[in-house]
Amino acid sequence: MNSSYSPIEGNSKSYKTKNKWHASRIKRSDGSEAGFLCCHCHAYVSSAEFLSRVHNRNHCPYCLWSRHLDLYDPGDRLSACKSTMMPIGLTVKFIAKKYGEGFGELMLVHSCSDCGHHSINRIAADDDSDLLLELFEASIRLKSNERRLLKLEGIEVLNGSQKKLVQAQLIRY
Amino acid sequence: MNSSSYSHDQGVVVKKNISNYHVRIHDHVEVCGMAMRLRKELSYSAENPNASKRVVRDVKGFDKTDPIVVGDRVIVANSADGMRAIIEILPRLNQLSRQDPAPGTHKFEQVIVANVDFILPVFAVADPTPKWGLLDRYLVSAESMQIPVIIVITKVDLINDRYRELELVLEMYQRIGYPVILTSSLKGTGMEELRHILSGRLSAFVGKSGVGKTALLNALELGLGLRMGRVGNGKIGKGRHTTSAAEMVPLSFGGDIIDTPGVREFALNNLDRKEIAKFFPEMRPFIGACKFRSDCRHDEEPGCAIRRAVMEGKIDPHRYQSYLTLIKEI
């Protein structure tokens, strides 16, 4: 799952060793967030909306890992867990009439590596498509008890029969 | 006023203006000035240390902010020009202070009140919207000085269907151990409860502008007639800073209360980042139980007991976020 692309690898190391406080989030001079260093692959990820086409950057586009920062609502940053969240599969969120009848938006499913919390997140425009397909292939082999657990939480991970849907959606991005 | 009592008197500062102080000595209030030496930190010449008039060698420091605040116990004496002047400030039992919001590289301490028995942070149900982060700052500051706090909620007559949200927040503070009083100056709700608490004690109302601190005081002490403002003159939900100076008001049922001007910001002063968790009562049981013991900042460190407690629901996540905001600011 590690990304081969790491634009500021040297910098990320110096950030890490010098002061971990500043390692995760990088701010502009006006205090707004410019980006962050991925907690998994340590690549610099820009928060710029014109790159991701989403309001809130949720995960690293190079390795698809995320962090457990939100508790009740997306972006509330109230979670104290702060552990890494591993991408475990893809699902579809049905939003009425957004992409036509019976067609939903492809979403990433993350699982917290510490507390086991699951969340679904929008795929960003600059997410690595090959990695997303790899993830889909891997998620087909997801254990049945984990699928059941996710279903109880209202998350239905896509299975092998939905490959065409995944491919069709990923071409959009 | 008897001229014989004009030597050295002890009193309490009840009001201060730009150049003078109102000091309550026994039963009367006197207008006093301030001896300039209270502002300065002087160093004296080592020669002849027992001389009656020592020679000042240097002025080490000069306080930009006023060293005297309402609630201070002071010694008053006659000055050379025949005026009464405060010549000494007696040691304070406690004080509520913030970082002076004035711009500048050096952040001075601004003491708001001193020697109080209670701090009463006042927050309105609406107009202006309560900022719980500000309440947490008051609570931390009061905890650091071991001053008991009672949270006062005003304008309960404005309660609407969003009350459940407010109720949950107040329940959380009550669980931590902070008493909450719901009041309405308009309808007189909660006044008896408040009178019972304030009776015989020196307390201070603190809070944002427009929350109704002075209105509460006027409702508590009928006939007081302190000047009050209205919220929302062009700026929706914002106060107009009607009260511009702190003033101690004697209560007819016993005790005194200090009405303070509304604040926009309350930055903590003179607190160590490592000590902040200690001032969150609900975090105290978990301090020292972290993997990194006293070196843990309770932010991203692995094996942090406080973070675990937040995840287990023992500490409210909003309070934990307040804690993180405070340690990043200091």
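Residues numbered from 1 in each chain as written. Chains lettered and ligands numbered in written order. Predicted model: local features only at pLDDT ≥ 70, side-chain atom pairs only at ≥ 80, totals over all residues. Heavy atoms only, no water.

## With respect to the overall build of chain A
Rules: Going along the chain from the N terminus, every DSSP run of H or I of four or more residues is numbered as a helix, and every run of E of two or more is numbered as a strand. The classification of residues rests on relative accessible area computed with a 1.4 Å probe and restricted to protein chains. Under 20% of the type maximum is buried, over 50% is exposed, and intermediate values are partly exposed. Contact criterion: two residues are considered in contact whenever any of their non-hydrogen atoms come within 4.5 Å of each other. To be clear on the numbers: accessible area is Shrake-Rupley with a 1.4 Å probe, and residue cover counts the displayed protein chains and nothing else.
Helix and strand content of chain A: five helices and seven strands. Ordered by position from the N terminus, the helices and strands of chain A form the series α-β-β-β-α-β-β-β-β-α-α-α. By residue count, 41% of the 173 residues in chain A fall in the buried class. When contacts within chain A are restricted to residue pairs at least 6 apart in sequence, those whose partners lie at least 24 apart make up 50%. Surface accessibility of chain A: about 9,700 Å² in total, with carbon and sulfur atoms responsible for 51%.

## So, the packing of helix H1 (residues 132–144) of chain B against helix H6 (residues 317–329) of chain B
All names here are of chain B. Quick note on the threshold: The axes are straight lines fitted to the C-alpha atoms, using for helices just the contacting stretch, and the angles between their N-to-C directions are given from 0 to 180°. Orientation labels follow simple angle bins: below 35 degrees gives roughly parallel, above 145 gives roughly antiparallel, 65 to 115 gives roughly perpendicular, and whatever is left gives oblique. Here a crossing is called left-handed whenever its near helix is offset anticlockwise from the far helix by less than a right angle, and right-handed whenever the offset is clockwise. For this classification, Asp, Glu, Lys and Arg are treated as charged, while Ala, Val, Leu, Ile, Met, Phe, Trp, Tyr, Cys and Pro are nonpolar and the rest, including Gly, are polar.
The interhelical angle for the contact between H1 and H6, taken along N-to-C directions, is 70 degrees, at an axis separation of 10 Å. When the axes of H1 and H6 are compared, the pair comes out roughly perpendicular. By crossing handedness, the relation of H1 to H6 is classed as right-handed. Every residue of H6 that contacts H1 at Gly 133, Asp 136, Arg 137, Leu 139 and Val 140 is listed here: Arg 319, Ser 322, Thr 325, Leu 326 and Glu 329. Looking at the contact of H1 with H6 residue by residue, the classes come out as three nonpolar, three polar and four charged.

## Things to note about the packing of aromatic side chains
All names here are of chain B. The condition is simple: Within 6.5 Å between ring centres, the rings of Phe, Tyr and Trp (the latter by its six-membered ring) count as paired, and their orientation is classed by plane angle as stacked under 30 degrees, edge-to-face over 60, tilted in between.
Within this structure, the stated rule accounts for six aromatic pairs over all chains. With 6.2 Å between their ring centres and 45 degrees between their planes, Trp 132 and Tyr 173 make a pair best called tilted. On the criterion of sequence distance, the pair formed by Trp 132 in helix H1 and Tyr 173 in helix H2 (residues 163–176) is long-range, its members being 41 residues apart. Take Tyr 173: its relative accessible area is 1%, and that puts it in the buried class. Taken together, the ring pairs in this structure connect Phe 123, Trp 132, Tyr 138, Tyr 173 and Phe 266 into an aromatic cluster.

## Overview of the nonpolar core
Residues and elements named next belong to chain B. This is how the line gets drawn: Throughout this description, the term nonpolar core refers to a set of buried Ala, Val, Leu, Ile, Met, Phe, Trp, Tyr and Cys residues connected via side-chain atoms within 4.5 Å.
Within the largest apolar cluster, 57 residues are counted, with the highest numbers of intra-cluster contacts made by Ile 119, Ile 258, Ile 276 and Tyr 323. Residue assignment for this core shows that the elements contributing at least two residues are strand E9 (109–114), strand E10 (118–124), H1, strand E11 (151–154), H2, strand E13 (202–207), helix H5 (305–311) and H6. Of the residues forming this core, the biggest block, six residues, is contributed by H1. Formed by 20 residues, the second largest nonpolar core is a distinct cluster that contains Leu 120, Ile 150, Val 152 and Ala 219.

By themselves these figures say nothing about function.
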